[in-house]
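One letter stands for each residue in the lines below.
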Amino acid sequence: MTDPEEKSIDSASVKMIKKAAADGVSTVFDRAEAIKPCPIGSQGICCKNCGMGPCRLPAPKKKDEEKAPRRGLCGATPETVAARNFIRMIAGGAAAHSDHARGVAETFLAMVKGEAPGYGIKDEQKLFQVALDFGVEIGDRDIMEIARDVGEIALAEFSRQDGELQFLKRAPLNRQKLWKEKGIAPRGVDREIVEIMHRTHMGVDQDYKNLLLQGTRAAIADGWGGSMIATELQDIMFGTPVPILGKVNLGVLKKDEVNLIIHGHEPLLSEMIVIAAQDAEMIDLAKAKGAKGINLAGICCTANEILMRHGIPLAGNMLQQELAIVTGAVDAMIVDIQCIMQSLPDVAQCYHTKVLTTSPKAKIPGAIHIEFSEHNAMESARAIVKTAIENYPNRPPNIEIPDEEFDLVAGFSHETINYLLGGIYRASYRPLNDNIINGRIRGIAGVVGCNNARVRHDDAHVTMVKELIKNDVIVLQTGCSAMACAKAGLLTPEAAREFAGEGLFSVCETVGIPPVLHVGSCVDNSRILMAATAVVKDGGLGDDISDLPAAGAAPEWMSEKAIAIGHYFVSSGVFTVFGVTWPTIGSEELTNCLFKEFEGITGGMWAFEPDPIKAAHLMIDHIDTKRKALGIDKARERILYDMAMRRELEAV
Ligand code: NFS
């Protein structure tokens, strides 16, 4: 294997990659060297949607072949094939977010009916807000009656057969109008996903632009439907996050406590485990087994959920899931759904870790299955915690916990941003807008998404975000990207002094916020949509999200969910840059449509740039173009001039 230092910028991960090699354990980093991606598949031009194929349509190499048509057996063009593949990725991603959301809605309804003991309502204000959005009468009705109506409407949204999703009404009016005019305002996400699967079946929709429009409907249904429903109902049940101090990286594991890692996505499970792990009986049991206590930590997006609401530490992001087990100190890793590697039980075999699956939708051979349902949540949570405790005495001799452990502040829901900037009594986005208008803040960037073993772990996230804040762009983050930057120390208020440009630093210092705001898990990218909408509604920065000096990025994306998210940002009017690889590159025409023509349809567009510094500058250029269109470009020049003058004065 090539130098482990080349695999990650995170020293804790490098140590564990080395330990894995010494222990004879194969990880994703080894497999990434052994298996090379198929060049035709990765360009999106391999069609395997029928039994006559797979038809691979690479560009002809020799000049004389240039005129030979590239066609599948049915005559499908590279454009059609790449568009089919691309929107099937959107379908996969939207399905993942939305099925998660459906689970939340079902639990919410069970809670209302008294069939989900342990769950309740923590944020009544948000319940009333969603009730208003859904047109549910509030009056002096009992809270559970209101909640029942909200839950029923939320659940019905998934299979809405006609009309439009209710949450579309939350978007700026111009955005709603545009979606209507272009015919892309979605119905229920289930229906839009099924229609993708139908249209991409052999011999149905052969027009790549028409295919992309269907992908657009499903993506909007994800962002403003499935994902937003998940975020809102989770907030109602578990509380809307407020700023909270946390810790990140493998150093959060404890040598002398039972280490229980929660990995996956649904807070339905992790919230219950947080409670079960605090149970006195469980702590006594841990002590009886020789441990000093029970230490919970998270991996992947469920980690972000429990960090934001309880301050539970983050053990690491997606590419650290195997490495956590390699420490030898994890007594159990509990998984639910999404971003979970099948290799976990294999890695665990070399240590003592028990891998527990909990969802009937996600089983792994070699793992122990303890089924979790909302009806017996606490019972299964306790069984899970007990399994971890009982495994503590089996710790192997070769334990090595890296020291790396960093502070971060998380919990910046869009409601929180409102209060922080505007104060309790006049909560508003006004100060943010004013600071964008006066140029101290140049613009807003959302940097989100996965890790990808094809590139150096965490490198692109951290490099891009540093470049953005250096140029006075405030960054909102979710998911693995937020964890990467937290490990680099960017998610603390002190980071503003060290890394931010002078304008952004002055705002961060006044308000006491980090230059990089942790907004939550991947379904919480819906919070970024709401924040962008709030900025538009506060005024002075245009009439639509596409007018804002804002941009999005997923520099280390790998999952279909990331494509769905990227496309709902583009469809909401945001310029969005992805790194690593681009899944339609095999069709120039289709790629051109997504990168250029799409701006004429949705006001947003895609870009691909694997170099994170160049990608950051694409975002900054876009932000500057929007500032110019808004007529606020001069304000920034003045600010910078003032700063320079001040420095000169200070020098005298
Ligand atoms: Ni989102 Fe990617 Fe997964 Fe979270 Fe991490 S890999 S698309 S960031 S954990 S969902």
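Residues numbered from 1 in each chain as written. Predicted model: local features only at pLDDT ≥ 70, side-chain atom pairs only at ≥ 80, totals over all residues. Heavy atoms only, no water.

Colleague: Talk me through the site of the ligand; I want residue IDs and the actual numbers.
Modeller: Residues in close proximity to the ligand total 14 residues, the closest being Cys-301, Cys-339, Cys-450, Cys-480 and Cys-522. The class makeup of the residues in the shell around the ligand is nine nonpolar, four polar and one charged. Two domains each provide a minimum of three residues to the shell around the ligand, namely domain 2 (250-394) and domain 3 (423-630). (Near = heavy atom within 4 Å. Nonpolar A, V, L, I, M, F, W, Y, C, P; charged D, E, K, R; others polar. Domains from an automatic or database assignment.)

Colleague: Explain the coordination of the nickel atom of the ligand to me, and be specific about the residues and the numbers.
Modeller: Exactly one donor from the protein chain reaches the nickel atom of the ligand: Cys-522 (SG), at 2.3 Å. Among the secondary structure elements, Cys-522 is positioned in the loop between β13 (516-520) and α22 (525-538). (Donors = N, O, S within 2.8 Å, 3.2 Å for Na, K, Ca; no water. Helix = DSSP H or I, 4+ residues; strand = E, 2+ residues; numbered from the N terminus.)

Colleague: Account for the pairing of β13, naming residues and giving values.
Modeller: Most of β13 is tucked away, with five of its five residues classed as buried. As defined by bridge partners, strand β12 (residues 473-478) adjoins β13 across four bridges and the pair is classed as parallel. Counted as the bridge partner of Leu-476 is Leu-517 from β13. (Buried < 20%, exposed > 50% of the residue type's maximum accessible area, 1.4 Å probe, protein only. Pairing = 2+ DSSP bridges.)

Colleague: Give a description of the state of the cysteines that names residues and reports values.
Modeller: Applying the stated criterion to the full structure yields zero disulfides. No disulfide involves Cys-55; its nearest neighbouring cysteine sulfur is the one of Cys-50, lying 6.4 Å away. (Disulfide = S-S within 2.5 Å.)

Colleague: Explain the side chain of Arg-175 residue by residue, including any values.
Modeller: For Arg-175, the position within the fold is in helix α7 (residues 173-181). One polar contact links the side chain of Arg-175 to the main-chain carbonyl oxygen of Ser-571, over a distance of 3.0 Å. (Polar contact = N/O pair within 3.5 Å; in protein donor to acceptor, adjacent residues only side chain to side chain.)

Colleague: Give a description of the packing of aromatic side chains that names residues and reports values.
Modeller: All told, the structure shown has 11 aromatic pairs when counted by the stated rule. Aromatic pair Phe-86 and Trp-606: ring centres 6.1 Å apart, planes at 80 degrees, arrangement edge-to-face. With a gap of 520 residues between them, Phe-86 in helix α4 (residues 78-112) and Trp-606 in strand β16 (residues 606-608) connect regions that are remote in the sequence. Each member of the pair, Phe-86 as well as Trp-606, is classed as buried. Three or more aromatic residues joined by ring pairs form one cluster here, namely Phe-86, Trp-557, Phe-578, Trp-582, Phe-595 and Trp-606. A cation sits over an aromatic face here: Arg-102 above Phe-158, 5.2 Å from the ring centre. (Phe/Tyr/Trp six-rings, centres within 6.5 Å; stacked < 30°, edge-to-face > 60°. Lys NZ or Arg CZ within 6 Å of the ring centre and 35° of its normal.)

Colleague: Tell me what's going on with the packing of helix α9 (residues 208-238) against α22, and back it up with residues and numbers.
Modeller: Where α9 meets α22, the closest approach of the two axes is 8 Å, and the angle between their N-to-C directions is 100 degrees. One element, α9, and the other, α22, form an angle in the roughly perpendicular class. Between α9 and α22, the contacting residues are Gly-223, Trp-224, Ser-227, Met-228, Thr-231 and Asp-235 on the first element and Ser-526, Arg-527, Leu-529, Met-530 and Thr-533 on the second. For the contact of α9 with α22, the residue count by class is four nonpolar, five polar and two charged. (Axes fitted to C-alpha atoms, helices over the stretch in contact; angles between N-to-C directions. Parallel < 35°, antiparallel > 145°, perpendicular 65-115°, else oblique. Contact = heavy atoms within 4.5 Å.)

Colleague: Give me the lowdown on the domain arrangement of the chain, citing residues and values where you can.
Modeller: According to the domain assignment, the chain consists of domain 1 (78-238), domain 2 (250-394) and domain 3 (423-630). One C-alpha centre belongs to domain 1, the other to domain 2; they are set 30 Å apart. Taken residue by residue, the interface counts 18 residues in domain 1 and 15 residues in domain 2. Roughly 1,400 Å² is buried in total at the junction of domain 1 and domain 2, and carbon and sulfur atoms are behind 54% of that figure. Of all residues in domain 1, His-100, Tyr-119 and Phe-238 give up the largest surface area on contact with domain 2, accounting jointly for 41% of the area buried on that side. Where domain 1 packs against domain 2, one counts two salt bridges. For Asp-99, the salt bridge goes to Lys-361, with nearest N and O atoms at 3.1 Å. One can count six residue pairs in polar contact (both at pLDDT 80 or more) joining domain 1 with domain 2. Residue assignment for the side of domain 1 that touches domain 2 shows that the elements contributing at least two residues are α4 and α9. (Buried area = accessible area lost by both parts, 1.4 Å probe. Salt bridge = Lys/Arg side-chain N within 4 Å of Asp/Glu carboxyl O.)

Colleague: Explain unusual backbone geometry to me, using residue names and the numbers behind them.
Modeller: Cis rather than trans, the peptide bond between Gly-53 and Pro-54 has omega equal to -5 degrees. Mapping Pro-54 onto the fold places it in the loop between β1 (46-47) and β2 (55-56). In this model, Cys-300 sits at a positive phi of 65 degrees, which is unusual for a non-glycine residue. One can find Cys-300 in helix α12 (residues 300-310).

Colleague: Break down the environment of Glu-137 for me, with residues and values.
Modeller: The residue Glu-137 is located in the loop between α5 (124-133) and α6 (143-158) in this model. For the pair Glu-137 and Gly-163, spaced 26 residues apart in the sequence, the C-alpha separation amounts to 21 Å.

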